[in-house]
Amino acid sequence: MINTSVADQLSEDIRIICLVLTKPSNHFIKAVHIKSTWGKRCTKLVFASTQEEPVLPAIKLDIPEDRAHLWGKTKAALKHIYENYRGQYDWVYKADDDTFAVMENLRYLLHYSHPSEPVYYGCRLKLRREGLDYMSGGAGYALSREALRRFIEEGLPNAMACKQDDAGNEDVEMGKCLRGVGVYLGDSLDKERKNRFTPVFINEMLVPGVLSEVEWYMEMMTNPHLLGLKCCSDTLISTHYVKPHELYLLEYLIYHVTPFGRAYRPVLDDNILAKSTNEGPTGEVTGSSSQRRQRSDFD
């Protein structure tokens, strides 16, 4: 019998709306399987598509359905969340329909932050030619309540901060826009400085020298991965490019397989709150532990 009391308490304390971008052709090929696996652990799960689908359910966005308009699709989807669910979330986790996320580990990370801070978390990549750090869209990123407010109210209306047309790489444009309104990138590395978000499927990191699809990723990473079994954090939050049947494989291995005799006793180490896991624009500590952990009034 596994004791889930700590995870249950975090689930109650940290409300996360999961926003999954999908498309009509993927409603019953990918999206429905997210609903049956990791999506059920979100406080609320919202699918954003270009066609309504009540079974998921999916909302309809009036954006052309192609990769060239992902930036416009992301803007419209986040605007929908802000306008329809304000006051019902602390964080918004945006993911793709081929992402797998361990929500307990995401809440564990966010426990040490506060939704009133202008911060977002994910896999930190670097666009070297522009000197821009941003969070990978495929691995998913978590926006605080304040980060989303700034994005919608201060970023989208401001052509100096955010790209106004709908074309462009979603995650890069999001990074530029959030930087323009004072939202900083949170540190999502674990205590051993290992990555918790992976924009490639985790198996490509585990077997060094066998797969080459990670080369682009390794070049863009702000914090380089090791390869092999020590590649990633034991509190992994997300992995990308997951096929539908692999969603269930991960679900089974993470939530059903327990080696006999190996006990796991989770502890929320509030001592680490004395050292902020968040780095503001100038590296300053962003609030005391009690300020980060204490829930404030909602909008």
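Above this note sits the structure.
All of the points below concern the structure found in this document. (Residues numbered from 1 in each chain as written. Predicted model: local features only at pLDDT ≥ 70, side-chain atom pairs only at ≥ 80, totals over all residues. Heavy atoms only, no water.)

**A few points about the packing of helix 3 (residues 70-85) against helix 5 (residues 145-155)**
Where helix 3 contacts helix 5, the axes come no closer than 10 Å and their chain directions differ by 110°. Between helix 3 and helix 5, the angle is such that the two are roughly perpendicular. Helix 3 and helix 5 meet at a crossing whose hand is left-handed. Every residue of helix 5 that contacts helix 3 at W71, K75, L78, K79, I81 and Y82 is listed here: L148, R149, F151, I152 and E153. Classifying every residue of the contact of helix 3 with helix 5 by side-chain character gives 7 nonpolar, no polar and 4 charged. (Axes fitted to C-alpha atoms, helices over the stretch in contact; angles between N-to-C directions. Helix = DSSP H or I, 4+ residues; strand = E, 2+ residues; numbered from the N terminus. Parallel < 35°, antiparallel > 145°, perpendicular 65-115°, else oblique. Left-handed = near helix turned anticlockwise from the far one by under 90°. Contact = heavy atoms within 4.5 Å. Nonpolar A, V, L, I, M, F, W, Y, C, P; charged D, E, K, R; others polar.)

**Thoughts on the state of the cysteines**
Overall, the coordinates contain 2 disulfides when judged by the stated rule. A sulfur-sulfur distance of 2.0 Å marks the disulfide that ties C18 to C42. Between C18 and C42, the disulfide has an S-S torsion of -95° and is therefore left-handed. Highlighted residues: C18 in strand 1 (residues 16-21) and C42 in the loop between helix 2 (27-36) and strand 2 (44-49), separated in sequence by 24 residues. With respect to class, C18 is no different from C42; both count as buried. Here the cysteine-cysteine linkages of the chain are recorded as 1-2, 3-4, numbering only bonded cysteines and doing so in sequence order. (Disulfide = S-S within 2.5 Å. Buried < 20%, exposed > 50% of the residue type's maximum accessible area, 1.4 Å probe, protein only.)

**With respect to the sheet that holds strand 1**
The sheet built from 7 strands is open, its strands ordered 3-2-1-4-9-6-10 with mixed pairing. The open sheet has two free edges, formed respectively by strand 3 (58-60) and strand 10 (184-185), since each of these has just one partner strand. Strand direction decides the pairing type here: strand 1 and strand 2, joined by 5 bridges, are parallel. What sits directly across from V20, in strand 2, is F47. Of the strands in this sheet, strand 4 (91-96), strand 6 (119-121) and strand 9 (141-144) touch helix 5, which is tilted by about 85° from strand 9. Running at roughly 25° to strand 9, helix 6 (residues 170-180) makes contact with strand 4, strand 6 and strand 9 of the sheet. (Pairing = 2+ DSSP bridges.)

**Regarding the pairing of strand 4**
Burial runs high along strand 4: 6 of the 6 residues are buried. Side chains W91, Y93 and A95 project from strand 4 onto one buried face, and the interleaved V92, K94 and D96 project onto a second face that is buried too. Bridge count between strand 1 and strand 4: 6 bridges; the pairing is parallel. Bridge assignment links C18 to a residue of strand 4, and that residue is Y93. Bridge count between strand 4 and strand 9: 4 bridges; the pairing is antiparallel. Paired with V92 across the bridge in strand 9 is L143.

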